[in-house]
Amino acid sequence: MTAIRRLPVLIGLTALVIAAAFLFLPLSTDVQSAAPGCEEPGPLAAGCGAGQAEMAALVAAARAKAPPPPPERDTCLHCHLAGAETGLWTPLLRWTLFGAAGLVFTFGVYRSASVWRTRSPWTPLTRRTAGWIDQRYHLSEPMAKILGKPVPRYALHWWYCLGGITAFLFVVQAVTGTMLAFYYTPTPEAAYASIQYIETEVRFGTAVRAVHHWGSNGMIVLCLAHMLRVFIMGAYKPPRELNWATGILLLVLTLAFGFTGYLLPWDQRAFWATTVGTEIAGSVPVIGDLALVFLRGGWDVSGLTLSRFYGLHVLALPATTMALMGLHFLMVRRLGVARPL
Amino acid sequence: MAYTQSSSATDPQSEDSIPFYPDHIRTEARVVAALIVAALVVGALGLAFPVGLGAPADPMETPAHVKPEWYFLALYQLLKFVPKTVGVLIPLLGLGLLTLWPFVDRRPDPSPRASRIRFVVVAILVVLLIALTIWGELS
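Residues numbered from 1 in each chain as written. Chains lettered and ligands numbered in written order. Predicted model: local features only at pLDDT ≥ 70, side-chain atom pairs only at ≥ 80, totals over all residues. Heavy atoms only, no water.

1. Some thoughts on the overall build of chain B
Secondary structure assignment for chain B yields five helices and one strand. Along chain B, helices (α) and strands (β) appear in the sequence α-β-α-α-α-α when read from the amino end. Expressed as a percentage of its 139 residues, the buried residues of chain B come to 23%. Within chain B, contacts between residues at least 6 apart in sequence are counted, and of these 57% link residues at least 24 apart. Total accessible area on chain B stands at roughly 9500 Å², and carbon and sulfur atoms take up 72% of it. (Helix = DSSP H or I, 4+ residues; strand = E, 2+ residues; numbered from the N terminus. Buried < 20%, exposed > 50% of the residue type's maximum accessible area, 1.4 Å probe, protein only. Contact = heavy atoms within 4.5 Å. Areas by Shrake-Rupley, 256 points an atom, 1.4 Å probe, with all protein chains shown as cover.)

2. Thoughts on a nonpolar patch on the surface
Residue and element names in this part refer to chain A. Judged by side-chain polarity, Trp132, Ile133, Tyr137, Leu139, Met143 and Ile146 come together as a nonpolar surface patch covering roughly 610 Å² of accessible area. Among the elements of the structure, helix H5 (125-137) and helix H6 (140-147) are those that each provide at least two residues to the nonpolar patch. The dominant element in the nonpolar patch, judged by the number of residues it contributes, is H5, at three residues. Within the element layout of this structure, Ile146 appears in helix H6. For Ile146, a relative accessible area of 42% puts it in the partly exposed group. (Patch = residues over 30% accessible without salt bridge, like charges linked within 9 Å, V, L, I, M, F, W, Y side chains within 5 Å. Salt bridge = Lys/Arg side-chain N within 4 Å of Asp/Glu carboxyl O.)

3. Comments concerning unusual backbone geometry
A cis geometry characterises the amide bond from Pro238 of chain A onward to Pro239 of chain A, with omega recorded as 10°. The residue Pro239 of chain A is located in the loop between helix H9 (205-232) and helix H10 (241-263) in this model. The amide bond that connects Tyr21 of chain B to the next residue, Pro22 of chain B, takes the cis arrangement and shows omega of 5°. A positive phi angle is found at His138 of chain A, which is not glycine, with a value near 50°. Topologically, His138 of chain A is positioned in the loop between H5 and H6. On the basis of relative accessibility, which here comes to 59%, the residue His138 of chain A falls in the exposed class. One non-glycine residue, Trp266 of chain A, lies in positive phi territory at about 55°. Residue position: Trp266 of chain A is located in the loop between H10 and helix H11 (268-282).

4. Considering helix H12 (residues 288-296) of chain A
Residues and elements named next belong to chain A. When H12 is considered as a whole, its buried residues turn out to be Gly288, Leu292, Leu295 and Arg296. Take H12 and look down its axis: the buried residues cluster within an arc of 85°, on one side only. Along H12, exposed side chains directed more than 90 degrees from the buried face belong to Leu290 and Phe294. Residues of H12 that are buried make contact with H11 and helix H13 (303-335). Following H12 by one or two positions, Gly297 adopts a phi angle in the positive range, close to 70°. (Arc of directions from axis to C-beta.)

5. Remarks on the environment of Trp135 of chain B
Along the chain, Trp135 of chain B falls in helix H5 (residues 112-138). What Trp135 of chain B contacts, discounting residues up to four positions off in sequence, is Gln77 and Phe81 of chain B.

6. Some thoughts on the interface of chain B and chain A
On the chain A side, the residues contacting the 68 residues of chain B number 66 residues. Between chain B and chain A, the buried area comes to about 6200 Å², and carbon and sulfur atoms account for 72% of it. On inspection of chain B and its partner chain A, the count reaches three salt bridges. Residues Arg106 of chain B and Glu241 of chain A are paired through a salt bridge, measuring 3.6 Å at the closest nitrogen-oxygen approach. Put simply, chain B and chain A have 20 residue pairs in polar contact (both at pLDDT 80 or more) between them. Of all the secondary structure elements, the ones that give two or more residues to the side of chain B that touches chain A are helix H1 (7-10), strand E1 (17-19), helix H2 (20-48), helix H4 (84-104) and H5 of chain B. (Buried area = accessible area lost by both parts, 1.4 Å probe. Polar contact = N/O pair within 3.5 Å; in protein donor to acceptor, adjacent residues only side chain to side chain.)

7. Section: the pattern of salt bridges
Throughout the structure, instances matching the rule amount to four salt bridges over all chains. In this structure, the salt-bridge partner of Lys84 of chain B is Glu279 of chain A, at a minimum N-O distance of 3.5 Å. Of this pair, Lys84 of chain B sits in helix H4 while Glu279 of chain A sits in helix H11, each in a different chain.

8. Comments concerning the packing of helix H8 (residues 191-200) of chain A against H9 of chain A
All names here are of chain A. Two elements in contact, H8 and H9, have axes separated by 6 Å at closest approach and are oriented at 110°. Overall, the two elements H8 and H9 adopt an arrangement that is roughly perpendicular. When H8 is examined against H9, the residues Ile195, Ile198 and Glu199 are found in contact with a partner set consisting of Gly205, Thr206 and Arg209. Here the residues of the contact of H8 with H9 are counted per class, giving two nonpolar, two polar and two charged. (Axes fitted to C-alpha atoms, helices over the stretch in contact; angles between N-to-C directions. Parallel < 35°, antiparallel > 145°, perpendicular 65-115°, else oblique. Nonpolar A, V, L, I, M, F, W, Y, C, P; charged D, E, K, R; others polar.)

9. What about the environment of Trp244 of chain A?
With respect to the helices and strands, the residue Trp244 of chain A is situated in helix H10. Sequence-distant contacts of Trp244 of chain A, defined by excluding residues within four places in its chain, comprise Met227, Val230, Phe231 and Tyr236 of chain A together with Leu98, Thr99 and Pro102 of chain B. A polar atom in the side chain of Trp244 of chain A sits 2.5 Å from the backbone oxygen of Leu98 of chain B.

10. Let's talk about the nonpolar core
Residue and element names in this part refer to chain A. Counting 17 residues, the largest nonpolar core has Phe170, Leu222, Leu250, Leu253 and Met325 as the members making the most contacts within it. For this core, the elements supplying multiple residues, two or more each, are helix H7 (162-183), H9, H10 and H13. With seven residues, H7 is the single largest residue contributor to this core. Not counting residues up to four positions away in its chain, the partners in contact with Phe170 are Met219, Phe257, Pro318, Thr321, Met322 and Met325. (Core = buried A, V, L, I, M, F, W, Y, C linked by side-chain atoms within 4.5 Å.)

11. Some remarks on the packing of H10 of chain A against H11 of chain A
All names here are of chain A. Between H10 and H11, the least distance of the axes is 7 Å, while the angle of their chain directions is 135°. What the angle tells us is that H10 and H11 run oblique. Together, Phe259, Tyr262 and Leu263 of H10 and Arg269, Ala270, Phe271, Ala273, Thr274, Gly277 and Thr278 of H11 make up the contact between the two elements. Grouping the constituent residues of the contact of H10 with H11 by class yields six nonpolar, three polar and one charged.

Dropping the structure here:
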């Protein structure tokens, strides 16, 4: 019994050893070439049985004489992504086609083998996965409760969609914003050039930036529309006071997203709009100067302002927004959709 | 108990309600699909009409017309007529009042008359906001 149990371990260890051998193969061929004459008998054959130190010296000498060629690789894989290389579609198509075919074939083999071995009809993969997870975490009961919760029929009316659309736009902003952050550099020297790079060089960079730009505008419009709908219908009244309060906070956060994101291109409009905007924040009584210095990272708009706006825009604001959105949704879920008039 | 929904809407057997899954989810999935298509259309249009970029930032040279994004234009226009401190306090106090409004207007009044009053108030405020925004854009 123990021998059978150890079998997979043994097989795995053997596979590891073989893999390691393959890994070291290039190195060993290098050593062989460094010690010539091992195969043929002659005066050089003495070098074959030499000690390790001599061997190492020989290797070093050979390395110094002829450096090993660089490993062969696609010299411009990133050009495919950046859009400089036009030959993307053929490899992409090849990978998709053969990859999909391979997956289907592997699945077919597994399915046939499984049916033959268990002598029982095949269970769909989705049900298998669900069963596997449910066995461990007992999720089916709470999930049934969550999914089976009745929703009033009037909740299908279009104006109840406004908040959900805003939430969806937040997801769109997160995705496109991450894509932009891959190429964006938040320094005064490089920010402008990196946006130019996104606009001109990156594949579909213009499209992604356009979606992010118009998505931000749409998010503000929809936030306001959702708020007006809630207000007109009186859905803010008890017991929904905190839904309303978190909603206001979310609106403020959305505006903060717009304000911090506006500086990031670091062009004239961005720079001076931020100068004026932070100046307005600086005219708040009592805490004005503090707010100004906190926002600008000093008395003037500078590289520090840019990096802290970037930090706010990509870290602090998204984290806060997601937490508040979670609360907002939980409260909506708990209290249900307010009755229409 | 008074704060839970009326029983007809939460009762699974009721005619007034549908299950969250699949009925409600299906509708939401349709909306999401439409929105994804809309985002793709915006992206395609963005290829033809890029968002663009102005001149690089230059702290030494103030441009003639500095304007904020459109959603701050109303505040920007307001600041031209009132002292700065007042202009900043108006939106801040407005937001505070708005946040506390549910604690002020507590009476449950589902009558159409109440909502009509709220609608008129909102309409006046929105028209004012839009007017200020357009004014700020044109000035």
